[in-house]
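Fold and contact review
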Amino acid sequence: MAPLITNIYTADPSAHVFEGKVYIYPSHDRETDIQFNDNGDQYDMADYHVFSTDSLDPAAPVTDHGVVLKTEDIPWVSKQLWAPDAATKNGKYYLYFPARDKEGIFRIGVAVGDRPEGPFTPDPEPIKGSYSIDPATFVDDDGEAYLYFGGLWGGQLQCYQKGHNVFDASWQGPKEPTGEGVPSLGARVGKLTEDMRQFAEEVRDVVILAPETGEPILADDHDRRFFEAAWMHKYNGKYYFSYSTGDTHYLAYGIGDSPYGPFTYGGRILEPVLGWTTHHSIVEFKGRWWLFHHDCELSKGVDHLRSVKVKEIFYDKDGKIVTEKPE
Ligand code: FUB
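Reading the values: the criteria
- Residues numbered from 1 in each chain as written.
- Predicted model: local features only at pLDDT ≥ 70, side-chain atom pairs only at ≥ 80, totals over all residues.
- Heavy atoms only, no water.
- Helix = DSSP H or I, 4+ residues; strand = E, 2+ residues; numbered from the N terminus.
- Contact = heavy atoms within 4.5 Å.
- Core = buried A, V, L, I, M, F, W, Y, C linked by side-chain atoms within 4.5 Å.
- Buried < 20%, exposed > 50% of the residue type's maximum accessible area, 1.4 Å probe, protein only.
- Pairing = 2+ DSSP bridges.
- pLDDT = per-residue confidence, 0-100.
- Salt bridge = Lys/Arg side-chain N within 4 Å of Asp/Glu carboxyl O.
- Near = heavy atom within 4 Å.
- Polar contact = N/O pair within 3.5 Å; in protein donor to acceptor, adjacent residues only side chain to side chain.
- Nonpolar A, V, L, I, M, F, W, Y, C, P; charged D, E, K, R; others polar.

This paragraph deals with the environment of Ala 136. In this structure, Ala 136 sits in strand S10 (residues 136-139). Between the C-alpha atoms of Ala 136 and Phe 149, which are 13 residues apart in sequence, the distance is 6.3 Å. Those residues in contact with Ala 136 that lie beyond four places of it in its chain are Asp 85, Tyr 146, Leu 147, Tyr 148, Ala 230 and Trp 231.

Encoded structure:
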């Protein structure tokens with residue numbers, strides 16, 4: 001399958017339908033001399049582009065709206081503009097992005113614009129109480145908005161085991177909890193304020209339950225535990241929380257009855273692709289469901305030079321996500 005975007009390297013696609021078009025908010029990968037390591041230092045991105053298209057037909061053109069936000073514009077950021085997301089509410093558009101602050105700690109910022117394609121003006125400080133990476137927004141049918149976030153290893157989620165506001169530097173690097181019976185660390189979720197720029201409440205842990213026990217997935221269950229790249233979508237009144245399993249390279253999901261979870265593990269959406277990371281979004285467009293993701297085929301396997309792709313997904317009669325159209 002050919003990449004959707006080929007003029008620059010792009011990754012971590014967050015797709016939304018705004019004003020009848022598909023808008024894609026990806027990371028903008030770039031060449032770097034930084035050596036690959038398990039902390040992700042080689043993902044040294046410095047700006048964001050926004051893309052849009054009227055059609056997901058493979059031949060349809062995709063418009064690059066150019067740079068909409070860059071490191072130099074954001075007073076609190078030192079480096080690494082990682083996976084972003086966007087939302088709209090009350091006629092404004094919000095771009096959420098993770099980056100390292102001047103102390104090297106990942107925080108999540110928000111930038112506001114009047115149009116889905118930007119430009120976006122960043123708030124001068126990160127969102128209070130935000131940490132780690134990979135923000136994903138979800139605006140529910142009742143208008144309430146939620147921000148999911150978190151990522152292990154280089155994403156620093158494991159540094160917050162003593163509390164949401166306590167950064168334990170001794171856990172920095174490619175580390176995570178392990179041991180018999182130890183539960184996995186969850187992504188985090190918090191409701192956003194009406195103006196979409198702060199948390200309206202203390203953030204909570206997202207729990208994924210193993211269907212066979214009804215208990216939280218364990219930390220050593222690397223095929224199913226949350227690693228990074230949270231996404232939320234709703235289908236037939238159920239909440240689908242999807243994510244990357246990191247070092248086992250799957251996209252997986254769980255289903256729940258509330259945007260807070262818990263979510264019962266439901267299976268995989270994508271098997272490993274070329275490249276270490278896997279990251280995605282799921283969106284409905286013109287009555288069909290689409291999985292946006294990335295791989296490294298265009299760069300012939302360079303982990304930090306990724307390209308966005310899209311494929312159709314389906315649901316079976318029980319609401320499970322399937323990659324082939326059911327008979
Ligand atoms: O693009 C940098 C990081 O790689 C993202 O934040 C992760 O989800 C992974 O895709």
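Residues Tyr 96, Tyr 148, Phe 226, Phe 241, Ile 269, Ile 282 and Ile 321 are the most contacted members of the largest nonpolar core, which totals 56 residues. Sort the elements by how many residues they give to this core and strand S11 (residues 145-149) lands first, with 5 residues. In contact with Phe 226, other than residues within four places in its own chain, are Gly 150, Gly 151, Leu 152, Leu 157, Leu 185, Gly 186, Ala 187, Ile 208, Phe 241, Tyr 243 and Ser 244. Counting 18 residues, the second-largest nonpolar core is a separate cluster that includes Tyr 25, Val 50, Trp 76 and Ala 99.

Here we come to the pairing of strand S7 (residues 92-101). Counting buried residues in S7 gives 9 out of 10 residues, a clear majority hidden from the surface. Pairing analysis gives 2 bridges linking strand S5 (residues 77-79) to S7, with the strands arranged antiparallel. Across the sheet, the residue bridging to Lys 79 is Arg 100, located in S7. As judged from the 5 bridges shared by strand S6 (residues 85-89) and S7, these two strands associate in the antiparallel manner. From the neighbouring strand, Ala 86 faces S7, where its bridge partner is Leu 95. Joining the antiparallel neighbours S6 and S7 is a turn of 2 residues, in which Asn 90 adopts a positive phi near 50 degrees.

The next point concerns unusual backbone geometry. Residue Pro 119 follows Gly 118 across a cis peptide bond; omega there is 5 degrees. Structurally, Pro 119 is set in the loop between strand S8 (106-113) and strand S9 (121-122). Note the cis peptide between Gly 261 and Pro 262, where omega equals 0 degrees. For Pro 262, the location among the structural elements is in the loop between strand S17 (251-256) and strand S18 (263-270). Although it is not a glycine, Trp 153 adopts a positive phi angle of roughly 60 degrees. As for its position among the elements, Trp 153 is in the loop between S11 and strand S12 (188-191). According to the relative accessible area criterion, Trp 153 is buried, its value standing at 12%. Positive phi is not limited to glycine here, since His 249 has a value of about 65 degrees. With respect to the helices and strands, the residue His 249 is situated in the loop between strand S16 (238-244) and S17.

On to the confidence of the model for the protein chain. In the predicted model, the protein chain carries a mean pLDDT of 97, and 100% of its residues have values of at least 70. Taken together, the chains of this predicted complex give a pTM of 0.97 and an interface ipTM of 0.98.

To continue, consider the pattern of salt bridges. Taken as a whole and assessed by the stated rule, the structure comprises 26 salt bridges. The partner of Arg 306 in a salt bridge is Asp 29, with the nearest N and O atoms 2.7 Å apart. In this pair, Arg 306 sits in the loop between strand S20 (288-295) and strand S21 (307-315) while Asp 29 sits in the loop between strand S2 (21-28) and strand S3 (47-53), placing the two residues 277 residues apart along the sequence. Side by side, Arg 306 and Asp 29 carry an identical accessibility label, which is buried. Where Arg 204 meets Glu 201, a salt bridge forms, and the shortest distance between an N and an O atom there is 3.4 Å. On the basis of relative accessible area, Glu 201 is assigned to the partly exposed category, the value being 23%.

This next bit is on the site of the ligand. Taken together, Asp 12, Met 45, Trp 82, Ala 83, Ile 133, Asp 134, Glu 228, Thr 277, His 279, His 294 and Arg 306 make up all the residues around the ligand. The side chain of His 279 places a nitrogen or oxygen atom 2.6 Å from an oxygen atom of the ligand. Between the ligand and Arg 306, the relevant distance is 2.7 Å, taken from an oxygen atom to a side-chain nitrogen or oxygen of the residue. Per-class residue counts for the shell around the ligand are 4 nonpolar, 3 polar and 4 charged.

Taken together, 4 strands build an open sheet; the order of strands is S19-S20-S21-S22 and the sheet is antiparallel. The sheet terminates laterally at strand S19 (281-285) and strand S22 (321-322), the two strands that pair on one side only. Of the pairings in the sheet, the one linking S19 to S20 comprises 5 bridges and is antiparallel in character. Across the sheet, residue Glu 284 finds its bridge partner in S20, namely Trp 289.

On to the environment of Lys 70, then. Its location among the elements puts Lys 70 in strand S4 (residues 63-70). Taking relative accessible area as the criterion, Lys 70 reaches 32% and is therefore assigned partly exposed. Separated by 25 residues in the primary sequence, Lys 70 and Met 45 place their C-alpha atoms 9.3 Å from one another. The contact partners of Lys 70, leaving out residues within four places of it in the chain, are Ala 46, Asp 47 and Leu 81.

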